[in-house]
Every structure is written in C-alpha cells, then in structure tokens.
Amino acid sequence: MSPRNTLVWYFAVVVTLLGSSQVTAADVQMPGVLDLAGSWLMILKEGANIAEEPSSKAAREVVFPASWRELDLLGYDGEVRLRREIVLSTEWRRSLAPSGLALLLDAAKYGSYELIAEEQPLGGYGGSLLYLPAPTAQMFIVPSSVVDDTGQFTLELRFQRVGWASDLAAGSGPAGKRLLLGDSGTIIAIAERDRQRSRQEALHSILIAVLLVAAGLYHLQLFSRRRERVEYLWFGLTAIDFAAVVFAVRLSYSLTDSFAMGRRLGSATIHLAVVFLIQLLWPYLEQPIGKWTRRYQQSHLLIVGAMILLPIEWVVRSNTVRWIWILPLLAGLGQLLASKSWRGDPDARTIGLGGLMVVGAGIAELVFQVLGRGTTYPLPAWAFGIFGLSMAVSLSNRYSRLHVELDSMRHLLEQKVDEATIELSSANNQLRAENSERQLAEESMRMLERAVEQSIDGIIVADLSGSTQFLNEAWARMHSYEVPEILGYDLNLFHTREQMQQEVYPLLNQVRDHGSFDGEVGHRRKDGSTFPTWMTVNLLLDLESEPVGIVAIARDISQRRQSEQEQMELESRLQQTAKLESLADLAAGIAHDYNNLLTGMMVHADLALKEIGKEVPAYDKIRQIERTAERAADLSDELLAFAGEEEPERETLRLNDLLQALAPQLEERIPDRTVLQFQLKKELPPIDVDPEQLRRVILRLVMNAADAVGTSPGVITIRTSKIQATANYFLTAQPTGDHPPGSYVFFEVSDSGVGIDEETQARMFDPFFTTKSAGRGLGLATALGIVGAHGGAIKVYSAPGKGTTFEVLFPASANPEAAVRPKSIESSRVGGKVLVVDDEELVLEVTREILESRGWTALTASGGVEAVEIFKQQSATIAAV
C-alpha cells in the first residue's frame, strides 16, 4: 500500500470513530415525570412504623441514590429498606395519561432490587457473577389501587448485596442509580431511549475494536513481508491491544462491574499497551531503551501476570495504584514527544503532536480513575486513532522524500548515461570493424563446438599433469557423469588402478614419445563398472610447438565386444549342437546293437530262471545277471531317448494308478535300509503321457534319491497333488521356455540325503554331466527331455545337508473321461501264429523261444522282402507281426 493510500485509510478510520459517537435525545424535563432522588428513610428495624417513630433509632434519613459505603456507615446489617411518602398534587395528576402510573429504576450491580407500593409488590430484578442484571433501566407499572383519592401512597425500595461481592460493592458506586415516577407512556419512551443509547454504545465499542484489529493485522502483514521494519510489528500489536482495551472496557463497564474476567482483561491489556508503546515509540523516535526504561517495561509485564493470578478483590482494590504506576510512562513519553515536537524534523513533530494526544488522554483517564469518576472512554480510542493518523502522515512524508531523492538520483544517472553513451558510440564504430572479423572466427568456433558437443565419441582435453581442461557431453555421459561434476578432475577418475598401471601410463608415455596413440583402453563408470573403449590420443602443442597437453577421443565398444562375444557363443553352441547330434547318432547306433545283445541275454536268463527252481545254487547268480541286464537295458533306453529315437505314445491315465503299479519295481531298486513312502492325493485329474517313458522318469528319480541316501538309513517319499500354476511359477523350472498357466498334476520324489549345492544344480540337467565316478550323466538329461516332450516341467528344491526334492509337473488332461488303467506287464497265454521280423539272428531266435514258451507259433523272417512273402502265403493264420 502506498503512503498516500495509508493516509486516506487512517483518515477514514478517524472519521468512522468520530461519526459513530453516541447520539442521544436531549435530557429535557418531560411533563408528568417525577424524579424520586432525594430524602428517603432507611428502615433499620424490622416492623418499624414511620408514622409512629419518625425520629427513632428504627429509621434514619438517607439521600437516594446512596453509596454502599454510606449505607455501611449507617450500620445496616442485611437487607436495606428505603421508604418514602409520595403525594401527587391535583395539577400533577391532571397531566397523567389514562394509562396510569409507572416507575423506572436504574439499579447498581452486585445486588437484588424490589419495589413495593402500599405493601403490594411491583416487581424487581437482581444480579451476581452468574446472573447479570439488565444493562438498561427496568419499568414497573403502579396499580391505581395503591393511590388514594388525595393522590398519596407509600413507596418502598428494598435491595440487598450479593454476599461474595460485599467488600467490592462498598467502594464501587451507588446502590441504585435513578428512580423516576410518571405516566406509563412517558416512562416507556424514556426506557426505549435508554435501550437505544445502550445499543449505540455497544455498536460504537465493537466498531472501534474491529477497526483497530484491522489496522493491527494490516501492519503485522506488512511486517511479514518486510521483517526489517520492526515498527510494523509493534504498531500492529499495539493496535490489537488497544482493541482489546476497548472491548474489555465495554465488557466491564457496560455489562457489569462484577464480571471478573472483564476486570482482569481490562487491567492486563492496559499494561500490555504500556509495554508495546515503549517498544514502538522509543526506537521509532530514535531514542535508546535504557536500563531503567527496560526494567520499568518489564515491571508492567509482571503486573500483567499478577492481573491473571491474583484474586479479583486485589485487582479492583489496586485500581488507583495501577494507574499511578502508569504516570512515569506518561511523563517520560510526554517529555520525549514534546522534544520531538519542538526540536525535531517535520515528521517527528507530526508524530509528537499525535502522541501527545495519547498522553493527554492517558492523563485524563488516570485522573478519572484515581478520583473514582469512572472512565473517559472512548477518549483513549479516539486519541490512539489520531496518533495512528499522525504516524501514517509521517511515514507518507518519509516515503515522499525518499521518492524525491530517488527521482533526483535517477535524473543524475540518466545524465551520466547520456555522457557515457556518446563516448561508447565512438568506440562502437571502432569495434564494429573488429567485430565482423571476430564474428567469422566465432562462427567457425561455434561450428567446431557444435561438432564436438554433438559427436557420439567422447572428447577430452587434459594438461600434461592429467588434469581435465575440457570434455564434451558424450564423454561425461559415457562415464555416467554430468560435465560440471567432473571438469578439472584427474584422468584417474575414469580408470581403475589396474587400468592406470597397465594401460593409461604406457599410453601417456607413448604419446609423449611418439605424439599419438591408437588402441583399446579400459574405462570406469561412476558406479564402478568398467567398459572397453577404442581411443585415439594426440599430443596438444601451443603456438611455439611446445607440448601443453593431450586431446583424446574415445568410443565405447561395449556393444561391439558384446556382439563379438555373442557371435562366439553362438558358434560355440552350433558346434556343441553338431557335436551332440553326432554323439546322438553314435549313441543311437550303439544302443540298437546293444539292445539286440541285451535282448538275447535277458531272454535266456529269464528262460533259464523258469526252467530251474530257486533251490538250485545258480538261481541267484542267474537272477543277478537278469538284474544287471535290466540296468543295462535302462542305459540303452536312455541312449535311445537322448538320441530322440523314441516318439511318445500317449495315453490318458491317472498318475496314482501308474505309481501303484510301479511300486514293486521301485521297492526292488532301493537299498534295504531305505524306507519308501507314498503320499498320494485322491481324485487327481488324469494326464496324457507315454506310460513307459513316465515309468523311466520315475525310476530314474527314485534311483537318484537312493544314491543320495546311500547306505545309511533314510527315507524316500513320493507325493502326488495338483496345482493351479501361473506363469511366474515356472520361472525357476526346467526346461526353460513358455509354460501356459493352468491346472497341472505333479509328483514329488524327496529324499533325506546329502542335498545338492547351487553349482551342481546349475549343471545337473546337462548331458554327460555327473558327480559320480562311474556315472554316465544321461539320467536327468533324459528325464528332462521326456518331461519337456510332454509339455511338463521339473523344479528342484535342495540345499547341502537338507535333502533334495524333484517336482515333476504335467498338464491335466483335457479329456478326463478317456482315462484308462496302465497295462499289466504280464501277458496271458493265447495261441496263434506270430510273424517276427528282425535283421539280427540272435533276436529272432530269442523272440521265437519266448513266443513258443508262451504257446505261440513263431514265424521268423530276417528281412522285409522275406517277411512280405511269408505274410502273403499265411496271412489268414497270422495273428500278429
């Protein structure tokens, strides 16, 4: 807000304060109104008769309204009764309105009041701390029955103090204020005039308080913007405190003298105003707050605390003392303002004159308080409003002079600028010629800068000691830095210690000796990671061809190295694949020949076991030969599965049925001290699998578990269940790849063995990898191939010393009604011809013996042509081929 606006605002405040002054009707003597102030009889004895004992000790004459102290001196004890004989003349009665008589009573506080006419109660009211009396006079109707024909009747006024306030009431004004008698219409008009006056006084107080609070908040807001102007703070606090004084005065003297909180608030805010005024005016008027002034200021803060803590009786009784304590402030402030008014500058005189009005209002208030004349309100509020106006005028003058000084300085500055412009104009013409040449050089330099900054290669310039003098964005970005972050650092920031010793120092030596370097150099990023670069480094020479530094260009070749590495890995995988294919072909050829040999061995062993009994000593040895052959057959099957020679012949069956049918064979494959447990969940969905291949997977996992348990006692558990698997569930499964989420049936083979470490788990499914001294390394690779061919997966849970669990999952069948039981291993004896075709003589012979031992007639053929000829001749009798 500008100083001029501030002046207008304060002027509006003062005008509002003056304009809101109370406007009441003139207190003219109204016809038909009798003021009953004057001589009354105070009844001191219960039941006394005034007519009989007019001068006895039972009654004493007292002037109404009387003070409580006067009544105490008369020696009353309890209720006070005042009586008076009222005689209305004939002429006076003629002026009464037809509405009859009425009484108007203004009561003091701290008591209850009652009016009685001819022993007939007219009404009353009273008040205390909790029950406040009415703020305006009360009207009571006088019945015509109490007035005799001569216009005479007896009026009695009874009042009694409230007990808690007896001591306070003794020095707080009259018992009753005013008592008027007149016709009802006139009394009603007087009562209404009093109510309007009370409302105007209340509105006046509220308006003054609101305007003072607004002024205070405005200055506090100015202080929040400009903290160096401390006077704004203290002026704002002073204005708000004066608003509290106005409100407290209204609350204390317009509502009730007995309202303790109003008393405390009024007294405390007056002393706070002293504190704020000292803090506001002394520095503002360029006067130091000395030691004694500061102690005097602090004494008022102690008084504020006493106002809150001391009993209300002390607060009321010390009223005169408190006002006398303010006298040093008024004297000191008056002297200070007077000196400023007569000897200071115009602004100081303005403030001094406004402040003297506040001092005068304070002195007037002090005199009134000390003499018991009440308060000069709203004089202090008007004085403070004018004082605020004087401060606004002073501030406005100060700011106006400041603007004048600024304008003169601006004109002087403009003159200096014009003179300098003429000098610069001549120099400018001289510079233009030089500027054109410089522009060409600068354009070339800018193009060079853009080329350097936009280069995808990192460029850096360093002095001979290795401190960086320049680098582009690409160099900083390559090393995960910002340019300002690393400019000026040594080159070792971009290299590890090993890189500096093995690569950078030799590079720098070569540059010093030969002038350049071109080759691969390792670098380090901000996070510590390293990466390869291809660097070109040249020696930087000055105009005298003396070396002053180096300039280096680096390109990150991480992607190129990665591409080369990927190419090498791809070639390695292709070589490994070709190697595995060759190995698979070799394994398939060996497995076929090996199977033919094993077939004859197993058949003859089986036939021999059937021809001899268990009591023959060679029975166990032949049995051991058969078991060994079966193990060899498993190896052959693994070779064929690894070579991809077996296509799964899927059937829809239930996993539990297959495990139960396979249980006897599993029992034979585990050591004697190992316990095999089954935990089969009922009602599992069927799965679509090749039963023989699944048997092979189960046997392999159980045999691995038996090897893990070893010869010590252990437990192997086979558990089945189902799961609704998600894609995340297969993240740690083998084989890797996409496994659709859905319903899966699984079995787990768990053992209590030694467990598998992480390194072994990472390679356990690799073909020909084994931890056994005599192992083949095809078991788990074959099992994984079979499970993967069925769309399933294998998950492994293991840790050293905690055993191992293999979880094998298969998708649930989409056609559960087609489930069948696994085929029995045993065949029934039936008759008929069977054509056996094989190019191995031993296989033909063994197969023929097996068939004939089971009641079949075997026809053999060593090739396809011979088999076709036999089938054409005997097709009607051949049951199977």
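The shown structure was predicted, so the numbers you read here are calculated from the model rather than taken from an experiment. (Residues numbered from 1 in each chain as written. Predicted model: local features only at pLDDT ≥ 70, side-chain atom pairs only at ≥ 80, totals over all residues. Heavy atoms only, no water.)

A. Region of the structure containing empty space enclosed by the protein. Tallied over the full model, the rule gives six cavities of 30 Å³ or more. The computed volume of the second largest cavity comes to approximately 110 Å³. Lining of the second largest cavity is provided by 14 residues; of these, Leu491, Leu507, Met535, Ile550 and Ala552 occupy positions nearest its centre. At the level of elements, strand 13 (458–463), helix 16 (497–514), strand 16 (530–541) and strand 17 (547–556) are the ones that each hand at least two residues to the lining of the second largest cavity. Residue composition of the lining of the second largest cavity, grouped by class: 13 nonpolar, one polar and no charged. (1 Å grid on protein atoms, 1.4 Å probe; cavity = no way out; pocket = protein on both sides within 12 Å on 5 of 7 lines; lining within 4 Å. Points joined across faces, edges and corners; volume = space filled by probe spheres on them. Helix = DSSP H or I, 4+ residues; strand = E, 2+ residues; numbered from the N terminus. Nonpolar A, V, L, I, M, F, W, Y, C, P; charged D, E, K, R; others polar.)

B. Just the packing of helix 19 (residues 655–669) against helix 20 (residues 691–709), in detail. One way to put it is that helix 19 packs onto helix 20 with a least axis distance of 10 Å and a crossing angle of 45°. In terms of orientation, helix 19 lies oblique with respect to helix 20. Helix 19 and helix 20 meet at a crossing whose hand is right-handed. Across the interface between the two elements, Leu655, Leu658, Leu659, Leu662, Gln665, Leu666 and Arg669 from helix 19 touch Pro691, Leu694, Arg695, Ile698, Leu699, Val702, Met703 and Ala706 from helix 20. When grouped by side-chain class, the residues that make up the contact of helix 19 with helix 20 number twelve nonpolar, one polar and two charged. (Axes fitted to C-alpha atoms, helices over the stretch in contact; angles between N-to-C directions. Parallel < 35°, antiparallel > 145°, perpendicular 65-115°, else oblique. Left-handed = near helix turned anticlockwise from the far one by under 90°. Contact = heavy atoms within 4.5 Å.)

C. A look at helix 8 (residues 291–309). Compared with an ideal rise of 1.5 Å per residue, which puts 19 residues at 27 Å, helix 8 spans 27 Å between its outermost C-alpha atoms and is within 8% of the ideal. Those residues of helix 8 not exposed but buried are Tyr296, Gln297, Ser299, His300, Ile303, Val304 and Met307. Down the axis of helix 8, the buried set is contained in an arc of 150°. They therefore lie on one face. Summarising the geometry of helix 8, the exposed residues directed more than 90 degrees from the buried face are Lys291, Leu302, Ile308 and Leu309. (Expected span 1.5 Å × (residues − 1). Buried < 20%, exposed > 50% of the residue type's maximum accessible area, 1.4 Å probe, protein only. Arc of directions from axis to C-beta.)

D. Inspection of the pattern of salt bridges at higher detail. Enumeration according to the criterion identifies ten salt bridges in this entry. Between Glu692 and Arg695 there is a salt bridge; the shortest N-O distance is 2.6 Å. Taken together, the residues Glu692 and Arg695, both in helix 20 and three residues apart, mark about one turn of the helix. Overall, the relative accessible area of 9% leaves Arg695 in the buried class. (Salt bridge = Lys/Arg side-chain N within 4 Å of Asp/Glu carboxyl O.)

E. The arrangement of the side chain of Thr674 in detail. Along the polypeptide, Thr674 turns up in strand 19 (residues 674–680). Under the relative-accessibility criterion, Thr674 is labelled buried at 7%. Setting aside residues no more than four positions away along its own chain, Thr674 makes contact with Val709, Gly710, Ser712, Gly714, Val715 and Ile716.

F. Region of the structure containing the pairing of strand 23 (residues 793–798). Note: strand 23 against strand 24 (residues 804–811), six bridges, orientation antiparallel. Counted as the bridge partner of Ser798 is Thr804 from strand 24. As consecutive antiparallel partners, strand 23 and strand 24 are separated by five residues, and within that stretch Gly801 has a phi angle of approximately 85°, a positive value. (Pairing = 2+ DSSP bridges.)

G. Highlighting the sheet that holds strand 9 (residues 138–142). Strand order in the open sheet formed by four strands is 1-12-6-9, with antiparallel pairing between adjacent strands. Strands at the two margins of the open sheet, each flanked by one partner only, are strand 1 (33–35) and strand 9. Averaged over neighbouring strand pairs, the angle between their axes works out to 25° when direction is ignored. Bridge count between strand 6 (residues 101–106) and strand 12 (residues 178–183): six bridges; the pairing is antiparallel. Bridging across to strand 12, Leu105 finds its partner in Leu179.

H. Inspection of the sheet that holds strand 17 at higher detail. The five strands lie next to each other as 14-13-17-16-15, forming an open sheet whose pairing is antiparallel. Strands at the two margins of the open sheet, each flanked by one partner only, are strand 14 (468–471) and strand 15 (516–524). Across the sheet, the mean angle from the axis of one strand to that of its neighbour is 25°, orientation sign disregarded. Contacting strand 15, strand 16 and strand 17, helix 16 runs over the sheet at an angle of about 160° to strand 15.

I. Main features of helix 22 (residues 779–789). Taking burial as the measure, the eleven residues of helix 22 include eight buried ones, the bulk of the element. Three or more residues of helix 22 are buried, namely Gly779, Leu780, Ala781, Thr782, Ala783, Leu784, Ile786 and Val787.

J. Looking closely at the packing of aromatic side chains. Inspection of every chain in the model, using the stated rule, returns eight aromatic pairs. The interplanar angle of 50° and the centroid separation of 5.8 Å between the aromatic rings of Trp40 and Phe64 together place this pair among those described as tilted. Of this pair, Trp40 sits in strand 2 (residues 38–43) while Phe64 sits in strand 3 (residues 59–64); the two residues are 24 residues apart in sequence, bridging distant segments of the chain. On the basis of relative accessibility, which here comes to 1%, the residue Trp40 falls in the buried class. Among the aromatic residues, those joined into a cluster by ring pairs are Trp475, Tyr481 and Phe494. In this structure, Arg295 is placed above the aromatic ring of Trp292, and the distance from its NZ or CZ to the ring centre is 4.9 Å. Positioned above the aromatic ring of Tyr729 is the side chain of Lys795, whose terminal nitrogen or guanidinium carbon lies 3.7 Å from the ring centre. (Phe/Tyr/Trp six-rings, centres within 6.5 Å; stacked < 30°, edge-to-face > 60°. Lys NZ or Arg CZ within 6 Å of the ring centre and 35° of its normal.)

K. Inspection of the pairing of strand 22 (residues 742–751) at higher detail. Within strand 22, nine of the ten residues are buried, leaving the element largely enclosed by the surrounding structure. Looking at chain direction, strand 22 and strand 24 are connected through eight bridges and run antiparallel. Of the residues in strand 24, the one forming a bridge with Tyr744 is Pro811.

L. Spatial organisation of the packing of helix 20 against helix 22. The interhelical angle for the contact between helix 20 and helix 22, taken along N-to-C directions, is 145°, at an axis separation of 10 Å. Helix 20 and helix 22 meet at a crossing whose hand is left-handed. Facing helix 20, whose interface residues are Gln693, Arg696, Val697, Arg700, Leu701 and Asn704, helix 22 presents Gly779, Leu780, Ala783, Ile786 and Val787. Broken down by class, the residue content of the contact of helix 20 with helix 22 amounts to six nonpolar, three polar and two charged.

M. Local environment of a nonpolar patch on the surface. On the surface, Ile363, Val367, Phe368 and Leu371 cluster together into a nonpolar patch covering about 340 Å² of accessible area. Looking at where Val367 falls in the secondary structure, it is placed in helix 12 (residues 346–370). In this structure Val367 comes out as partly exposed when scored by relative accessible area, which is 37%. (Patch = residues over 30% accessible without salt bridge, like charges linked within 9 Å, V, L, I, M, F, W, Y side chains within 5 Å. Areas by Shrake-Rupley, 256 points an atom, 1.4 Å probe, with all protein chains shown as cover.)

By themselves, these observations are geometric and do not establish any function.
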